[in-house]
Every structure is written in structure tokens, then in C-alpha cells.
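Summary of the model geometry
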Amino acid sequence: MIVCVAVVGHQNNPLYIQSFTEAEDALKLHHIVHCSLDVIDERVNNPSKSGTTLNEAFLGLLYPALNYKVYGYLTNTKVKFIMVTSDLDVRDTDVRSFFRKFHAAYVDAVSNPFHVPGKKITSRTFSESVTNIVSSYSFN
């Protein structure tokens, strides 16, 4: 089950974060998302050590936390998508598919002429789209 998704700007500023668990877990999930930014920066700045190529957007499993797994995705504009899941056996093809749909929803949201680039995404349509995408993936 996906427990948290986040969109982080190219300057590591949070643009959107939504958790799908109880309120007391939200702070822990925000911390996990924040810690994953270091892993993303390390993979992007040292591609030979991580094994990923710079032209591939999907960063794969960033790190396993206690009861969670954290996956990452990097757009061409250096915007980072982070997904935290509580399922410990997740296929990469499912995660890639999720990130493709999530990226498409993000592109739709920032293509809105009233959206200011670099500012938080406050679109209700984007939030509903993210909720629908997350609910369609159970990974079990």
C-alpha cells in the first residue's frame, strides 16, 4: 500500500506531499521523504556508484526504512517524485507505471496557466488525481 507521495522541486523545496495513513504517521513519513533527498542527490551526482544512467528518470529503490520502502523518480527539470510504500515486495514495473501516471498528473497540474512555477501545488484536481492513482495501486 502506498502510504505517502511527494513532489520536491529542483532546489529541494517541497511542492506537494500527501500521506495516506493516520495523522500521527504523517510527521514520520515527512521525515522519510526528507531523508530520501540525500539519497537522490547522491545517485544523481555519482551515477557510476549507483548503477543508474543519467538519462533514466526512474531511480528505483532509494532505501528501505523500518516498515517502508522508498522509491524515487527524477524528471528532466530536476523535480523529484518520491513514493513511500508499506509493501515490502513490490515489482519495479508496477512502480515505474505508477511514476509515469504520477508524472502525467504533475504535468497537467503545472501546465495550468494559473500555477506559479516553483510554488506549492494547491490544485484540488491534482490532489484528486493523485488519490485516484494511489488507490489504483495496491501492490499486493
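Residues numbered from 1 in each chain as written. Predicted model: local features only at pLDDT ≥ 70, side-chain atom pairs only at ≥ 80, totals over all residues. Heavy atoms only, no water.

Overview of the pairing of strand 1 (residues 2–8)
- Within strand 1, 7 of the 7 residues are buried, which leaves the element mostly enclosed by the surrounding structure.
- Across 6 bridges, the pairing between strand 1 and strand 5 (residues 80–85) is antiparallel. Across the sheet, A6 pairs through a bridge with I82, a residue of strand 5.
- Once strand 1 ends, the chain turns through 5 residues before running back antiparallel as strand 2 (residues 14–19), passing N12 with a positive phi of about 60°. (Buried < 20%, exposed > 50% of the residue type's maximum accessible area, 1.4 Å probe, protein only. Helix = DSSP H or I, 4+ residues; strand = E, 2+ residues; numbered from the N terminus. Pairing = 2+ DSSP bridges.)

What to know about the packing of helix 3 (residues 92–110) against helix 4 (residues 124–136)
- Viewed as axis vectors pointing N to C, helix 3 and helix 4 meet at an angle of 170°, and their least axial separation amounts to 10 Å. Overall, the two elements helix 3 and helix 4 adopt an arrangement that is roughly antiparallel. In this structure, helix 3 contributes F98, K101, F102, A105, Y106 and A109 to the contact, and helix 4 contributes F126, S129, V130, I133 and V134.
- Of the residues belonging to the contact of helix 3 with helix 4, the class tally is 9 nonpolar, 1 polar and 1 charged. (Axes fitted to C-alpha atoms, helices over the stretch in contact; angles between N-to-C directions. Parallel < 35°, antiparallel > 145°, perpendicular 65-115°, else oblique. Contact = heavy atoms within 4.5 Å. Nonpolar A, V, L, I, M, F, W, Y, C, P; charged D, E, K, R; others polar.)

Description of the nonpolar core
- Within the largest apolar cluster, 25 residues are counted, with the highest numbers of intra-cluster contacts made by V5, V7, F98, F99 and F126.
- Of all the elements, helix 3 adds the most residues to this core, at 7 residues.
- Leave out the neighbours within four places in its chain, and F98 touches I2, V5, M83, I133, V134 and Y137.
- Counting 17 residues, the second largest nonpolar core, distinct from the first, contains L29, V70, L74 and I82. (Core = buried A, V, L, I, M, F, W, Y, C linked by side-chain atoms within 4.5 Å.)

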